[in-house]
Amino acid sequence: SNTDALHWPYIEKKFDLKRLFKGLVLSFEIGASKPAPEIYNNGIERFGWVPEETVFIDDLKDNIAGAKSVGLKTVLFKSALQAQGELEKMGVTA
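Residues numbered from 1 in each chain as written. Predicted model: local features only at pLDDT ≥ 70, side-chain atom pairs only at ≥ 80, totals over all residues. Heavy atoms only, no water.

Student: In this structure, what is going on with the overall build of the chain? I would like to understand it.
Tutor: Each helix and strand counted, the chain has six helices and two strands in total. When the helices and strands of the chain are read in sequence order from the N terminus, they spell out α-α-α-α-β-α-β-α. For 94 residues, the compact-globule estimate of 2.2 N^0.38 gives 12 Å, and the C-alpha radius of gyration of the chain, at 14 Å, lies within 12% of that figure. Counting only residues that meet the buried cut, the chain has 29% of its 94 residues in that class. Residue pairs in contact within the chain that sit at least 24 positions apart in sequence constitute 29% of those at least 6 positions apart. On the chain, roughly 6,600 Å² of surface is accessible, and the fraction owed to carbon and sulfur atoms is 56%. Side chains of the chain carry 12 positive and 13 negative charges; the gap between the two charge centres is 5 Å. (Helix = DSSP H or I, 4+ residues; strand = E, 2+ residues; numbered from the N terminus. Rg over C-alpha atoms; globule rule 2.2 N^0.38 Å. Buried < 20%, exposed > 50% of the residue type's maximum accessible area, 1.4 Å probe, protein only. Contact = heavy atoms within 4.5 Å. Areas by Shrake-Rupley, 256 points an atom, 1.4 Å probe, with all protein chains shown as cover. Lys, Arg positive; Asp, Glu negative; His and termini not counted. Charge placed at Lys NZ, Arg CZ, Asp CG, Glu CD.)

Put into C-alpha cells, the structure is as follows:
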C-alpha cells in the first residue's frame, strides 16, 4: 500500500488488514511506492511470490503498469463484479 507512518495506525485500526492478509507491503516501511518496481519486488522476495502466478489488483493504470513491469498478472479494478469476473477467467478462486 502507498501510505505513510502517520496514517497507518488509523488505517490498521479501522480495517484490520493484518487479519485479512498474510502479509503487507507498506510503502513507508520499504521506502518505495507504487508504481515503482521496488515495491512489487519487495513482495515477490519477502513472500516468495511467483510473479506469473500472482495477481495484482488496483484502480490506477500507472500502478497496473508497474506490476506488469515485474511480471505480475493484473486486474484494473472498475467494480467488484468486473474484478470477480476477470479473476474467474484467470482461474482464481476464493
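So much for the structure itself; the text now carries on.
Student: I keep staring at the pattern of salt bridges and nothing clicks. Help me out?
Tutor: Pairing between side chains becomes possible if they bear opposite charge and their charged atoms approach one another. According to the stated counting rule, one finds three salt bridges in the structure shown. Salt-bridge contacts for aspartate 16 lead to arginine 19; the nearest nitrogen and oxygen are separated by 3.0 Å. The partly exposed category is assigned to aspartate 16, whose relative accessible area is 35%. The exposure class assigned to arginine 19 is exposed, which follows from its relative accessible area of 61%. (Salt bridge = Lys/Arg side-chain N within 4 Å of Asp/Glu carboxyl O.)

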